[in-house]
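So the chains spell out like this:
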Amino acid sequence: MDYRAMTPTAGFTKRDIIALWCKSSIMNYTKYFFQKQYGRSFVVGEHHTKIAAALDDVLMGRLKRLIINIAPRYGKTELAVKNLISAGLAINPASKFIHLSYSDDLALDNSEAVKDLVTSPDYQALFPDVQLKQGATAKNKWYTTQGGGVYARAAGGQVTGFGAGQVDIEPGEAGDADEEEFQSALDELTADTGVTTFGGALIIDDPIKPDDADSDVVRGRVNNRFDSTIINRVNSRNTPIIIIMQRLHEEDLCGHVLANYPGEWTVLSLPCIIVEDGQDLKDGRALWEFKHTLDELLKMNDINPINFGRQYMQNPQPKEGLMYRAFKEYLNIPPYIKAYRKAYVDTADTGKDYLCSIAYLETDLGCFVLDVIYTQDPMEITEPDTARQLAIHQVEYALIESNNGGRGFARNVESHLVTLKAFNCNVEWFHQGENKHSRIFTNSAKVNMIIHMPVGWDKMWPQFYKHVTTYSKKGNNAHDDAPDCLTGVVENFGVNKESNIDDSIIGMFG
C-alpha cells in the first residue's frame, strides 16, 4: 500500500506513517526519496523489484553474503549503495558501512551522495535521529552522533591505510592521512557497540573497471585484497557483505569468491535478455525496455558479443572464445535404448594434473555420462576409487590413457576389480602420443554432438564442469585433463578394441 493512502491514527502522525512506510522496504524508500531528490517518479523494472527484495533480506538479517550481477546504468548503485546505506542509518543510526569501488573518486562520490541525502531536509524531516558528528566534512569517512558512519575507499589498485590492525602506506604516496590518525578513525568506525539489530554492511560496487578486466595483475590485486584485508573488515560473521557488479571476466571478484568461498553466497544474476531453456537470444525479451529494447540489445551483441556476454548477460567468457557450446543434458535415459557400458580414464601424469575417469553409456544416440571421478588425489586412492566406479556402473570396457605409469595403474585397477568380483570389465591401457590441445580442438564439435550430460552436472562435479565449460580455444588453459578425457570418449565412439564386447548390442539399460 502507498503511504499516501494511509491516514493518521491515534498516536501516529503522518510523518510517523511515511517514515515507517519508507523503512519497511528498500523499494518504498527508493520511490519516496527519488521523487524528493529528482522531482520525478522512479521507473520500476522487474530487476529493481528483485534487487530490492534481496536487500530487504539483508536488512532483516536473512542474507549475509549477497552477489548482484547486472549491467551498468540499470540502477544498481542507486538501490544497493546510496539507498541501502541511508536507509540502514534510518533504521539504526549506529550502523557502520564500508563502501568500496574500483576507484577512490567513485567511492567518494557515492559516499558524498549518501551524506547529502542524510543531511537533506526531506530525510531529516523523517529521521531526525540521524545526525552527523560536528566537523564530519570528509568524503572518505564520516560519522553519526550515535557511533555509526561510512568509510569509502577503492577496492584495489593503490589502496593505502586499509587493513586489520595496521595501515599499509605505499612508499611515496602523497595526500594520505597520517597513519596513526587514520587507523584510530578506522578502529572507531569498526568498533563493537553491542547493537543487536541491523548494524551496517560492507558494500563493494564495481571493484574493477571494464578496461582492466583482462589484466591478470589488476584482477589479482583486487582478489588478493579481498582475501587478505577486505573480508576481515567486518565486526562479526553476521555482518553482511554485498558485491554489486557487472560480470567482466571468469576470474573477476565474483568468480573468485564463488570458487574460493563455495556455498556462502546468494547470487542474483540479472541478464538483460531473458531467455527460456533452449531459446536463442532473438527469441527472448528485454529485462528493462525502458532502458534497452530487445532490438537494441541484439545490435549490441552483434557489435561485440564478448563484452555483451560479460556485461549485459552476466556470462563472462574468454576473449579467445570457448572451446565448447552448451552441452546436451538428459534427465532420464529412455529404457528402450541399448548401450555398451564403457569408461575412459586419463591418469594424472604430473602432481598438478587431475585424474579423470568417465563412466558412460555408448548408444546410437551418443554417449550418456553416468559418473565422473575428477581429482588430484594420489594413485593409492584413485586406483580403488576407479575400480569401484567401474564395478558400480557395470562397465564392460575401460580404456586407460597415460604417458606415465598407465600400465601399472591399469593392472592395479584390474586387481581391485577381482576383489570386487567385477569379472566382466575388460581393462586396457595405451600410450597417447598425439598433441593434446590439437586433439581437443579437432574433436570439440564431435564432443558437443555426441556427449550428453546429466541435468545438474555442474553441482555433481563442479571442478570438472568448470574446467570443461571455461576451456578456451586459444591462450593458456591451466587444466586440460577434463576436455582431454571427453575427447578420448568421442575418439573411441563405436570402437571396442579387443574387449569382451562383440559387435552386437549387449544389454538393456533401465
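What you see is a predicted model, and the numbers here were worked out from it, not measured in a lab. Numbering of residues starts from 1 in each chain and follows the order in which that chain's sequence is written. Restriction of local features to residues with pLDDT of at least 70 applies here, the model being predicted, together with a cutoff of 80 or more for giving and counting side-chain atom pairs; totals for whole chains, interfaces and linings are based on all residues. Based on all heavy atoms of the structure, the side-chain values leave hydrogens and waters out of the count.

## Details of the overall build of the chain
Only DSSP runs of H or I reaching four residues or more are called helices, and only runs of E reaching two or more are called strands; each is numbered from the N terminus. A count of helical and extended segments in the chain gives 18 helices and 17 strands. Summary of the burial criterion: residues with accessible area below 20% of their type's maximum are buried, those above 50% are exposed, and those between are partly exposed, where the area comes from a 1.4 Å probe applied to protein chains only. When the 510 residues of the chain are sorted by exposure, 51% land in the buried category. Here the contacts in the chain between residues at least 6 apart in sequence split such that 70% fall between residues at least 24 apart. A 1.4 Å probe and the Shrake-Rupley method give the accessible areas. Residues count as covered only by the protein chains that appear here. By element, 49% of the accessible surface of the chain is carried by carbon and sulfur atoms, the whole surface being about 24,300 Å². Contacts are assigned to residue pairs with any non-hydrogen atoms lying within 4.5 Å of each other.

## Concerning the pattern of salt bridges
Salt bridges are defined by distance alone: a side-chain nitrogen of Lys or Arg within 4 Å of a carboxyl oxygen of Asp or Glu. Per the counting criterion, the structure on display carries 19 salt bridges. One salt bridge in this structure joins aspartate 480 and lysine 436, with 3.5 Å as the shortest N-O distance. With aspartate 480 in the loop between α17 (462-469) and α18 (481-491) and lysine 436 in helix α14 (residues 436-442), the pair connects residues that are 44 residues apart, well separated along the chain. With a relative accessible area of 23%, aspartate 480 lands in the partly exposed category. Lysine 436 gets classed as partly exposed once you look at its relative accessible area, which sits at 23%. Three or more residues are tied together by salt bridges with common partners; here these are Glu46, Lys50 and Arg285.

## Structural notes on the packing of aromatic side chains
Each Phe, Tyr or Trp ring (for Trp, its six-membered ring) is paired with any other whose centre lies within 6.5 Å, and the angle between the two planes then decides the class: stacked below 30 degrees, edge-to-face above 60, tilted in between. Under the criterion given, the structure shown has 21 aromatic pairs. Ring geometry for phenylalanine 34 versus phenylalanine 42: centroids 5.1 Å apart, planes at 70°, classification edge-to-face. Here phenylalanine 42 falls in the buried class, since its relative accessible area comes to 12%. Note on criteria: charge over ring means Lys NZ or Arg CZ within 6 Å of the ring centre, with the direction from the centre no more than 35 degrees off the ring normal. Positioned above the aromatic ring of tyrosine 143 is the side chain of lysine 133, whose terminal nitrogen or guanidinium carbon lies 5.7 Å from the ring centre.

## With respect to the sheet that holds strand β1 (residues 65-70)
For two strands to be treated as a pair, DSSP must find at least two bridges joining them. On the basis of which strands lie adjacent, the open sheet formed by 7 strands has the order β3-β4-β2-β5-β6-β1-β7 and mixed pairing. The outermost strands of the open sheet, each flanked by one partner alone, are β3 (141-143) and β7 (266-270). Averaged over all neighbouring strand pairs, the angle between strand axes comes to 10°, with direction disregarded. In terms of strand pairing, strand β2 (residues 96-101) meets strand β5 (residues 200-205) through 5 bridges, oriented parallel. Across the sheet, phenylalanine 97 pairs through a bridge with alanine 201, a residue of β5. All axes here are fitted lines through C-alpha atoms, helices being fitted over the stretch that makes contact, and every angle between N-to-C directions spans 0 to 180 degrees. Of the strands in this sheet, β2, β3, β4 (149-154) and β5 are in contact with helix α5 (residues 104-118), which crosses β4 at around 160°.

## Re unusual backbone geometry
In this structure, arginine 73 takes a positive phi of about 65° despite not being glycine. Positionally, arginine 73 belongs in the loop between β1 and α4 (76-91). Despite not being glycine, aspartate 206 has its phi angle at roughly 50°, a positive value. One can find aspartate 206 in the loop between β5 and α8 (216-228). Classification of aspartate 206 by relative accessible area gives buried; the value is 13%.

## A look at the packing of helix α3 (residues 46-59) against α4
With their axes 11 Å apart at the nearest point, α3 and α4 run at an angle of 35° to one another. Seen along the crossing, α3 lies across α4 with a hand that is right-handed. Of the residues in α4, those touching α3 at His48, Ile51, Leu55 and Leu59 are Leu79, Ala80, Leu84, Gly88 and Ile91. In this classification, the charged set is Asp, Glu, Lys and Arg, the nonpolar set is Ala, Val, Leu, Ile, Met, Phe, Trp, Tyr, Cys and Pro, and all remaining amino acids, among them Gly, are polar. Residues that form the contact of α3 with α4 fall into these classes: 7 nonpolar, 2 polar and no charged. The crossing is said to be left-handed when, going from far helix to near helix, the turn is anticlockwise and less than a right angle, and right-handed when the turn is clockwise.

## Regarding α18
Counting buried residues along α18, 10 of its 11 residues qualify, which places the element largely inside the surrounding structure. By the burial criterion, the buried members of α18 are Asp481, Ala482, Pro483, Asp484, Cys485, Leu486, Thr487, Gly488, Val489 and Val490.

## Looking at the confidence of the model for the chain
Low pLDDT means the predicted atomic positions in that stretch should not be read closely. pLDDT: the predictor's confidence for each residue, scored from 0 to 100. Overall, the prediction assigns the chain a mean pLDDT of 84, with 84% of residues at 70 or greater. Predicted confidence is poor over residues 157-183, with pLDDT under 50, and the contacts of this stretch with residues over four places away or in other chains come to 49 contacts. Contacts from residues 185-196, a stretch scored under 50 in pLDDT, to residues over four places away or in other chains number 25 contacts.

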